[in-house]
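# Examining the three-dimensional arrangement
Okay, here's what each chain looks like letter by letter:
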Amino acid sequence: MVQVAIRPAAYAALLCLAFGAASAQPAAAPEELSPALAPAPETETREEALDRLFLELAATEEEKAAEAIAEDIRRLWAKSGSDSMDFLLERARKALTEKKYDRARMHVSALTRLAPDFAEGWNAAATLAYLQEDYGRAAVEIERALALEPRHFSALVGFAMILEKVERKQAAMAAWREVERLYPALPRAKEAVRRLAPEVDGRDL
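Read on for an overview of the structure. (Residues numbered from 1 in each chain as written. Predicted model: local features only at pLDDT ≥ 70, side-chain atom pairs only at ≥ 80, totals over all residues. Heavy atoms only, no water.)

## Considerations on the packing of aromatic side chains
Basically, it comes down to this: Aromatic rings from Phe, Tyr and Trp, taking only the six-membered ring of Trp, are treated as a pair when their centres fall within 6.5 Å; an angle between ring planes under 30 degrees marks them as stacked, one over 60 as edge-to-face, and anything in between as tilted. Numbering of helices and strands runs from the N terminus, with a helix taken as a DSSP run of H or I at least four residues long and a strand as a DSSP run of E at least two residues long. Only protein chains enter the accessibility calculation, which uses a 1.4 Å probe; a residue whose area is less than 20% of its type maximum is buried, one above 50% is exposed, and one in between is partly exposed.
Counting across every chain of the model gives five aromatic pairs. Measuring from ring centre to ring centre gives 5.2 Å for Phe153 and Tyr183, while their planes differ by 70°; the resulting arrangement is edge-to-face. Remark: Tyr183 occurs in the loop between helix H9 (169–182) and helix H10 (187–201) and Phe153 occurs in helix H8 (residues 153–165); sequence separation between them is 30 residues. Since its relative accessible area comes to 2%, Phe153 is described here as buried. Under the relative-accessibility criterion, Tyr183 is labelled buried at 2%. Joined through ring pairs, the aromatic side chains of Phe54, Trp77, Phe153 and Tyr183 make up one cluster.

Right under this line is the structure:
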C-alpha cells in the first residue's frame, strides 16, 4: 500500500514548531510520487482508496476537479465502520450547522468516547471548540485527529487558522504548506501561503 502521509518525524516537527520548540523546522515534503489515475478496482480497501485519491488530489490543478476528489476523501473519512457512530457524527454535524452547540457537544463527546480511533469524531469536536473560540481545546482535538489521519487537510486548515489567531506565524505557514502539498488546488491554502510569505520568509513569493 502506497503511503503518502506526513512522515512521523515531519509531523512531530510541525507540532513542536507550533508549541515553541526552538529546534523545530517546517515539515519537509516527501519524495514526489507518480499519480495513480486508473479506475478504482472493485476489491479496493478503504485505505487503498484514500491512497489513490490523495495521489489524484496532489496531481490535480483544476479547482473544481480537485474539490470533487476532496469530497470523495471526506466521504471516506466520515465512515467509521459503525452505523451508530456514523449516525452520531451526522447528528453532531447537523447541530453544528444549526448552531445548537450544547447538543453538538453531547454528540461529539459520545462519539469521541465510544470511538476514540475515529479521526472524524475528533475533527468534529475540534470544529465545535473552534466555533466556541476555545482554541486551546480545538488544538488538542485537532492533534488527536491528525495522529489518526495525518493527511486530514481539513483538520490541518483548522490548525493553521488557530496558529494564526495566536500569532504563531511560522508554525501557521508550516501547516498551510502541508495543506498545500496535500491539496495543491485549494485556494485558501495558496492565498495563506502568499499572505504569510513576506512576514515568515522575509520576501514575496
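## Describing helix H2 (residues 46–59)
Heads up, the condition is: In this analysis, the expected span of each helix is defined as 1.5 Å times one less than the number of residues it contains. In what follows, residue pairs with any heavy atoms lying within 4.5 Å of each other are defined as contacts.
Over its 14 residues, H2 runs 20 Å from end to end, which matches the ideal 20 Å to within 8%, given 1.5 Å per residue. As for H2, its buried residues are in contact with helix H3 (63–77), H8 and H9.

## Quick look at the environment of Ala147
Summarising the element assignment, Ala147 is placed in helix H7 (residues 135–148). Take Ala147: its relative accessible area is 57%, and that puts it in the exposed class. Along the sequence, Ala147 and Asp117 sit 30 residues apart, while their C-alpha atoms lie 9.6 Å from each other.

## Looking at the nonpolar core
Threshold: To define a nonpolar core, start from buried Ala, Val, Leu, Ile, Met, Phe, Trp, Tyr and Cys residues and group those joined through side-chain atoms within 4.5 Å.
Counting residues in each nonpolar core, the largest one holds 39 residues, and the members touching the most others are Phe54, Leu57, Ile73, Phe153, Trp176 and Tyr183. Within the residue set of this core, elements represented by two or more residues are H2, H3, helix H6 (119–131), H7, H8, H9 and H10. Here this core gets eight residues from one element, more than from any other, and that element is H8. Once residues within four sequence positions are removed from consideration, Tyr183 is found in contact with Leu57, Ala66, Glu67, Ala70, Arg74 and Phe153. Ranked by size, the runner-up nonpolar core spans 16 residues in total, among them Leu96, Leu111, Phe118 and Ala124.

Without other data, these values stay purely geometric and don't point to any function.
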